[in-house]
Amino acid sequence: MPLLDQALTAPIKGYAWLPDLRRRTHGRPVPIRLLGLPAVALGGPAAAQFFYEKGNFERHGAIPGPVLDTLFGRGAVHTLDGQAHEARKALFVALLMQDGVDILAKMVGEAFDEAADGWRGGPPVSLFDATAEVIATTVARWVGVPENESDRIAQARDMIAMVDGSVALGPRHARARLARRRQERRLAELIEAVRREEPLPSALSAIAHHTADGCLLDARTAAVELLNIIRPATAVTWFVAFAAHALERWPGNRARLTDDDFALAFVHELRRFYPFVPFLAARAARDLHIQRVDIRRGALTLLDVYGQHHDARVWPEPYEFRPERFLRRQIGEFELIPQGGGDPRTGHRCPGENITVALLGELVQRLGRLEYYLPAQDLSIDLGRVPARVRSGPLIVVG
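Not measured: the values here are computed from a predicted model. (Residues numbered from 1 in each chain as written. Predicted model: local features only at pLDDT ≥ 70, side-chain atom pairs only at ≥ 80, totals over all residues. Heavy atoms only, no water.)

Caption draft 1: Spatial organisation of the environment of Gln365. Locating Gln365 in the fold gives a position in helix H15 (residues 353–369). Take Gln365: its relative accessible area is 16%, and that puts it in the buried class. Through-space distance from the C-alpha of Gln365 to that of Ala241 is 13 Å; in sequence the pair is 124 residues apart. Discounting residues that sit within four places of it in the chain, Gln365 has contacts with Leu257, Thr258, Asp259, Asp260 and Ala263. Here Leu257 takes part through its backbone oxygen, which lies 2.9 Å from a polar atom of the side chain of Gln365. (Helix = DSSP H or I, 4+ residues; strand = E, 2+ residues; numbered from the N terminus. Buried < 20%, exposed > 50% of the residue type's maximum accessible area, 1.4 Å probe, protein only. Contact = heavy atoms within 4.5 Å. Polar contact = N/O pair within 3.5 Å; in protein donor to acceptor, adjacent residues only side chain to side chain.)

Caption draft 2: Structural context of unusual backbone geometry. In this structure, Pro387 follows Val386 across a cis peptide bond, with omega equal to -5°. Its place among the elements puts Pro387 in the loop between strand S11 (372–373) and strand S12 (395–398). Here the residue pair Gly393 and Pro394 is connected by a cis peptide bond, since its omega of 0° sits within 30 degrees of zero. Mapped onto the elements of the fold, Pro394 is located in the loop between S11 and S12. Even without a glycine there, the phi angle at Arg292 is positive, about 70°. Structurally, Arg292 is set in the loop between strand S8 (288–290) and strand S9 (293–295).

Caption draft 3: Molecular detail of H15. The terminal C-alpha atoms of H15, which comprises 17 residues, lie 25 Å apart, in line with the 24 Å expected from a rise of 1.5 Å per residue. The element H15 is largely enclosed, with a buried count of 14 among its 17 residues. (Expected span 1.5 Å × (residues − 1).)

Caption draft 4: Representation of the pattern of salt bridges within the structure. Taken as a whole and assessed by the stated rule, the structure comprises 28 salt bridges. Of the charged contacts, one joins Asp113 and Arg366 as a salt bridge, the two residues approaching to 2.2 Å between their closest N and O atoms. Of this pair, Asp113 sits in helix H6 (residues 100–119) while Arg366 is found in helix H15, placing the two residues 253 residues apart along the sequence. The class of Asp113 is partly exposed, set by a relative accessible area of 28%. For Arg366, a relative accessible area of 12% corresponds to the buried category. Linking Asp164 and Arg385 is a salt bridge whose minimum nitrogen-to-oxygen distance equals 2.8 Å. Of the two residues, Asp164 sits in helix H8 (residues 152–164) while Arg385 sits in the loop between S11 and S12, which places them 221 residues apart along the sequence. You can call Arg385 partly exposed: its relative accessible area is 22%. (Salt bridge = Lys/Arg side-chain N within 4 Å of Asp/Glu carboxyl O.)

Caption draft 5: Spotlight on the sheet that holds strand S3 (residues 57–58). Read across the sheet, 5 strands follow the order S1-S2-S10-S7-S3 without closing on themselves; strand pairing throughout is mixed. If you trace the sheet from one side to the other, it starts and ends with strand S1 (30–34) and S3, each paired once. Where strand S2 (residues 37–42) and strand S10 (residues 300–304) come together, 4 bridges link them in parallel fashion. Counted as the bridge partner of Ala39 is Leu300 from S10. In the packing of helix H3 (residues 45–52) onto the sheet, the strands contacted are S2, S3, strand S7 (279–284) and S10, and the crossing angle to S10 comes to about 140°. (Pairing = 2+ DSSP bridges. Axes fitted to C-alpha atoms, helices over the stretch in contact; angles between N-to-C directions.)

Caption draft 6: Local environment of the packing of aromatic side chains. A complete count under the given rule lists 18 aromatic pairs for this structure. For the pair Trp17 and Phe279, a centre-to-centre distance of 5.8 Å together with 65° between the ring planes defines the contact as edge-to-face. In this pair, Trp17 sits in helix H2 (residues 17–23) while Phe279 sits in strand S7, placing the two residues 262 residues apart along the sequence. Overall, Phe279 belongs to the partly exposed group, its relative accessible area being 31%. Above the face of the Phe128 ring, Arg389 is positioned so that its terminal group lies 3.8 Å from the ring centre. (Phe/Tyr/Trp six-rings, centres within 6.5 Å; stacked < 30°, edge-to-face > 60°. Lys NZ or Arg CZ within 6 Å of the ring centre and 35° of its normal.)

Caption draft 7: Looking closely at the packing of helix H13 (residues 260–273) against H15. Packing of H13 against H15 leaves a shortest axis separation of 9 Å and a crossing angle of 120°. Pair H13 / H15 crosses with right-handed handedness. Of the residues in H15, those touching H13 at Asp260, Ala263, Leu264, Phe266, Val267, His268, Leu270 and Arg271 are Glu353, Thr356, Val357, Leu360, Gly361, Val364 and Gln365. When grouped by side-chain class, the residues that make up the contact of H13 with H15 number 8 nonpolar, 4 polar and 3 charged. (Left-handed = near helix turned anticlockwise from the far one by under 90°. Nonpolar A, V, L, I, M, F, W, Y, C, P; charged D, E, K, R; others polar.)

What follows is the structure, given as structure tokens:
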């Protein structure tokens, strides 16, 4: 076990932290010390399959408290294992992997076009901020949350704050905590009100009336799970901003976005190439062994997402943005893993991935058709900042 604790190195290096460690061992698992405790860093499709193999790892206790208090929420499905996880996961699979996703994508696309009409001939607009408002408002309406015009901007800002400050220190993290408290309180009150009514065909009603072991979820936990639809959908905003960045750097892709197959390939390449989730964490459910490395029961294990997405052994020329790589390639369950690996119906892969892909596909095509330009600005992306963002937004001017 290494003597050097990685707790201080990780926030300094950001996305480069685990790839740098794994590079020293030529991609093999790396035993590390984190906050004084033994841990292991893994990467690559075989390691991802090992990470998601049933019975190997558990999520309970793997997510740090500050991340629970900002990003996921206490008692969220992400923290459950075994039968409790399967029951809660079935709720999300029913809500997020059905035909309603296409309806949501169309709703978001139409709302984006309507908003863009208001930007024409005006001053520069932050694509990031404007897209967040469009998505948060539309998804909230889709799940059944009553629309309040005065809350639209505040709701979008809170959803973004929960993601943006989840692993940060200082003011960003404080904003994330306040945002979660505010939204959990608001939605818990709504859950209580919905429970006094007959069940309706909406995600809000389904979550409000969902039972675990014959009992309703407490109102706060139900609010947490409702946020776990609205918040990650709003996080698609990051990739819309990255899409504008990619179209500025590689403008030849714009005309090809009219083709549905190419648009989908472009979406997958955005999710592979750009930085969002640096790694995923779990604890060993039993003593394990992989590639000559022992993992003791209870040891924290980190799956290097960013490093795997930029590994030349998986993706030839990984630092080139090439949507074409996805045109004639069947994506393995453990290769492209921005939202986990394996089968989302039965494992810990996010069932909301369908929403991410559908929304992003709709929005990149509409962005490709939009007549706009980027004025002079700072388009850099700091890989030491998690989650990374285009520094300037970016700002767009719509003609």
